[in-house]
Amino acid sequence: MKNKQKTTSLIYTLIALFMLVVTVIGGRAMLPAFADTSEYTSVLEDLQKDSSFNAAAYPDKRTDYNIQIIQVAESVNGELFVYTYQPSQHYTPLKATCINMSLTDELNVSEESSDNSSGDNQGSGSSSGSIKQPVSLTRSVSAVSSKLYDLKLIDTSNVFSKYVVEDFAVSGDLIRYYNITSIYREPVKSGVTVLSSDNEVNEVACPVGKVWKATTTSDGVKYEVKEVETVTITSKYVGTVRYPSGTKWFTTGACDSHFVAFSTNRKIDTLLEAEVTYITQTYDKKFSGVTYGKEVEKYKSLSCDQIAESKVTGIFAKKYTWKRIQSVSEFATAAKLSEEQKDELSGKQWVLSFAETDYTQGTSIVTDLLIGWVGHLVGSQFSSGTLVSKVSVLSLKFITDGKTYKLGVVDNKQTGAAGSVPGVGDKNESGAFNFWAFLGDCFASIFKGNPTWWQIAVVILVIIVAITVLAIFIWWVKIILRLIFGKSKE
């Protein structure tokens, strides 16, 4: 019996040793600086492992709301830690939310341009300049290279904080890059910062502009860091242009083109590419209230040679097309904005049209004709579409003085009021199709002598309906008059 127990214990011991060997071989063999093998250690404990670290070099600053990254470090479990200096932490506690990071050193590059003088999309980079695009630089846009990675707070001590990058696994490559353009934080005081034109800042981007290079060697993991150039967006406006997509029996549709207009701290002669992130959320409005879908984070790579277009889903609509990347002046002309709407974009240089979503409202020509304002009032209570929020530009590729740059962008997450820039088409204040304005345009086109066939058809149909309604009205008036005056004669 004792021999059997000894044999069983020996077997368990061998199994445990085998599992330990497999774990060690399967994991990372090198322990990077500041990383913990089992559980999370404190931020100061990690930072003080570096003999050159001096806490006194990071003083309190009551009104400095920037967040600076001191170091990044990998763990043997494949996690990535971010260590920060937050000067105002004693007075105004701040929390980092995410980082704009690329896993390549190729994001921050500059090269001589082969052609910056010919083509049809070259401009001065100002709101008044025309845009032209060098033919030799027309290309398909590359895959998204920058991405936002969420941060989870692990520990805070004085002005120092330790975060772990969520949903991230360290690569098994011998050389790894962590190219961080910016780190985002929650706004100070209130949850959002309200700007002019119904725009609001959801998260503030603090500049970083550093690339950490982690190299696995026989002696462990070696870290190197260098500063890199970035672009800062200094002025920004997020808005929507609504293009009519047609009228059906009881609904009217539209295409919402979502855009961001901005200026930067750098001269940009020609804007070639851009990477944008944003949140979408569908909604369905009824008498009983509004139902919202889930928020979805999306990324879009844009190129100067890309063309977007609206859909035609009903009658009395045409297809609209526009460039993904334009100057403000070109955009304002193409979108037929009013002078008041152009003022919203004053001081901005470039416009990125990054997304298109469908919009539907429960009112149409049928409801307007049959039951007039009652039908329009009822139908306008039904609508569905997509909200776009937390828009942030992540990187830009551009030409300045003959050099081509691709740099990370320091830009807040910002939300605009949907439909605040109505754009083209005949619409009322809510952005729905306005039949009476449309009918006036049809009559005007006929009087000018340049109507389309469908404008003529609409006018003829309206005249027939009007004559029919008038005849019915006169018939009822005659009957009422006969009843009244017929009885009085008797």
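Enquirer: Kindly report on the overall build of the chain, identifying the contributing residues and their values.
Expert: Helix and strand counts for the chain come out as seven helices and 22 strands. A sequence separation of at least 24 residues applies to 71% of the contacts in the chain between residues at least 6 apart. Carbon and sulfur atoms form 56% of the exposed surface of the chain, whose accessible area is close to 25,300 Å².

Enquirer: How would you summarise the pairing of strand 21 (residues 403-410) if you had to cite specific residues and measurements?
Expert: When you tally the buried positions in strand 21, you get seven out of eight residues, the bulk of the element. As defined by bridge partners, strand 20 (residues 383-400) adjoins strand 21 across six bridges and the pair is classed as antiparallel. Note that in strand 21 the partner of Lys-397 across the bridge is Lys-406. Hairpin connection, strand 20 to strand 21: the antiparallel pair is bridged by two residues, and Asp-401 has positive phi, about 50°.

Enquirer: Talk me through the side chain of Arg-176; I want residue IDs and the actual numbers.
Expert: Here Arg-176 is to be found in strand 7 (residues 175-185). Among the polar contacts made by the side chain of Arg-176, one reaches the main-chain carbonyl oxygen of Asp-173 at a distance of 2.4 Å. Within polar-contact distance, the side chain of Arg-176 engages the side chain of Thr-216 at 3.1 Å.

Enquirer: Explain the packing of aromatic side chains to me, using residue names and the numbers behind them.
Expert: A full pass over the atoms with the stated rule returns 14 aromatic pairs. Note on Phe-259 and Phe-331: the rings are 4.8 Å apart at their centroids and 50° apart in plane angle, and the pair reads as tilted. Of this pair, Phe-259 sits in strand 12 (residues 252-264) while Phe-331 sits in helix 3 (residues 328-334); the two residues are 72 residues apart in sequence, bridging distant segments of the chain. The residues Phe-259 and Phe-331 share a single accessibility class, namely buried. Pairing Trp-475 with Trp-476 gives two aromatic rings, centres 5.2 Å apart and planes at 70°, and the pair type is edge-to-face.

Enquirer: Explain the confidence of the model for the chain to me, and be specific about the residues and the numbers.
Expert: Per-residue pLDDT for the chain averages 78, and the proportion of residues at 70 or more is 69%. The low-confidence segment residues 115-143 (pLDDT under 50) makes 87 contacts with residues lying over four places distant or belonging to another chain. The low-confidence segment residues 419-433, where pLDDT is below 50, has 50 contacts with residues more than four positions distant or belonging to other chains.

Enquirer: Requested: an account of the pattern of salt bridges, with residues and values cited.
Expert: Here the structure, examined in full by the defined rule, presents 14 salt bridges. A salt bridge links Asp-46 to Lys-162; the shortest N-O distance between them is 2.7 Å. You can see Asp-46 sitting in helix 2 (residues 43-47) and its partner Lys-162 sitting in strand 6 (residues 160-165), a full 116 residues away along the chain. Residue classification places Asp-46 among the buried positions, given a relative accessible area of 0%. Its relative accessible area of 0% is what places Lys-162 among the buried residues. Note that Glu-356 and Arg-324 form a salt bridge whose closest N and O atoms lie 2.6 Å from each other. One end of the pair, Glu-356, is in strand 19 (residues 350-361); the other, Arg-324, is in the loop between strand 17 (321-323) and strand 18 (325-327), and 32 residues separate them in sequence. Taking the relative accessible area as the measure of exposure, Arg-324 reaches 11% and is therefore buried. Sharing partners across several salt bridges, the network here consists of Asp-46, Lys-49 and Lys-162.

Enquirer: Before we move on, could you go through the nonpolar core and cite the residues and values that matter?
Expert: Ile-69, Ile-99, Tyr-178 and Ile-183 are the most contacted members of the largest nonpolar core, which totals 35 residues. Ranked by the residues each element gives to this core, the list is headed by strand 2 (residues 80-85), at five residues. If near-sequence neighbours (up to four positions away) are discounted, Tyr-178 is found in contact with Val-72, Glu-74, Leu-80, Met-101, Ser-102, Leu-103, Phe-168, Val-170, Lys-210, Val-211, Trp-212 and Ala-214. With 27 residues, the next largest nonpolar core counts Ile-233, Trp-350, Val-388 and Phe-398 among its residues.

Enquirer: Please provide a residue-by-residue account of the environment of Thr-386, values included.
Expert: Relative to the helices and strands, Thr-386 is located in strand 20. C-alpha separation for the pair Thr-386 and Tyr-292, spaced 94 residues apart in sequence, amounts to 9.2 Å. Not counting chain neighbours up to four residues away, the residues in contact with Thr-386 comprise His-258, Thr-280, Gln-281, Thr-282, Tyr-283, Thr-357 and Asp-358.

Enquirer: Go over a nonpolar patch on the surface, please, and point to the residues and values.
Expert: Where nonpolar side chains cluster on the molecular surface, the patch consists of Leu-470, Phe-473, Ile-474, Val-477, Ile-480, Leu-481, Leu-483, Ile-484 and Phe-485 and spans about 840 Å² of accessible area. Considering the arrangement of structural elements, one finds Leu-481 in helix 7 (residues 453-489). Judged by relative accessible area, which is 39%, Leu-481 ranks as partly exposed.

Enquirer: So what's going on with unusual backbone geometry? Which residues, and what values?
Expert: With phi around 55°, Asn-158 is a residue other than glycine that occupies positive phi space. In this structure, Asn-158 sits in the loop between strand 5 (146-157) and strand 6. Positive phi values are uncommon outside glycine, yet Lys-390 reaches one of about 50°. Relative to the assigned elements, Lys-390 resides in strand 20.

Enquirer: Give a description of the environment of Ile-233 that names residues and reports values.
Expert: Relative to the helices and strands, Ile-233 resides in strand 11 (residues 230-247). Separated by 32 residues in sequence, Ile-233 and Asn-265 have C-alpha atoms that sit 6.5 Å apart. Not counting chain neighbours up to four residues away, the residues in contact with Ile-233 comprise Phe-262, Ser-263, Thr-264, Val-393, Val-409, Val-410 and Asp-411.

Enquirer: Lay out a negative patch on the surface with the relevant residues and their values.
Expert: Negative charge collects at one region of the surface, where Asp-150, Glu-166, Asp-167 and Glu-297 lie side by side. Among the structural elements, Asp-150 can be located in strand 5. Residue Asp-150 is classed as partly exposed on the basis of its relative accessible area of 41%.

Definitions and cut-offs
- Residues numbered from 1 in each chain as written.
- Predicted model: local features only at pLDDT ≥ 70, side-chain atom pairs only at ≥ 80, totals over all residues.
- Heavy atoms only, no water.
- Helix = DSSP H or I, 4+ residues; strand = E, 2+ residues; numbered from the N terminus.
- Contact = heavy atoms within 4.5 Å.
- Areas by Shrake-Rupley, 256 points an atom, 1.4 Å probe, with all protein chains shown as cover.
- Buried < 20%, exposed > 50% of the residue type's maximum accessible area, 1.4 Å probe, protein only.
- Pairing = 2+ DSSP bridges.
- Polar contact = N/O pair within 3.5 Å; in protein donor to acceptor, adjacent residues only side chain to side chain.
- Phe/Tyr/Trp six-rings, centres within 6.5 Å; stacked < 30°, edge-to-face > 60°.
- pLDDT = per-residue confidence, 0-100.
- Salt bridge = Lys/Arg side-chain N within 4 Å of Asp/Glu carboxyl O.
- Core = buried A, V, L, I, M, F, W, Y, C linked by side-chain atoms within 4.5 Å.
- Patch = residues over 30% accessible without salt bridge, like charges linked within 9 Å, V, L, I, M, F, W, Y side chains within 5 Å.
- Lys, Arg positive; Asp, Glu negative; His and termini not counted.
- Charge placed at Lys NZ, Arg CZ, Asp CG, Glu CD.

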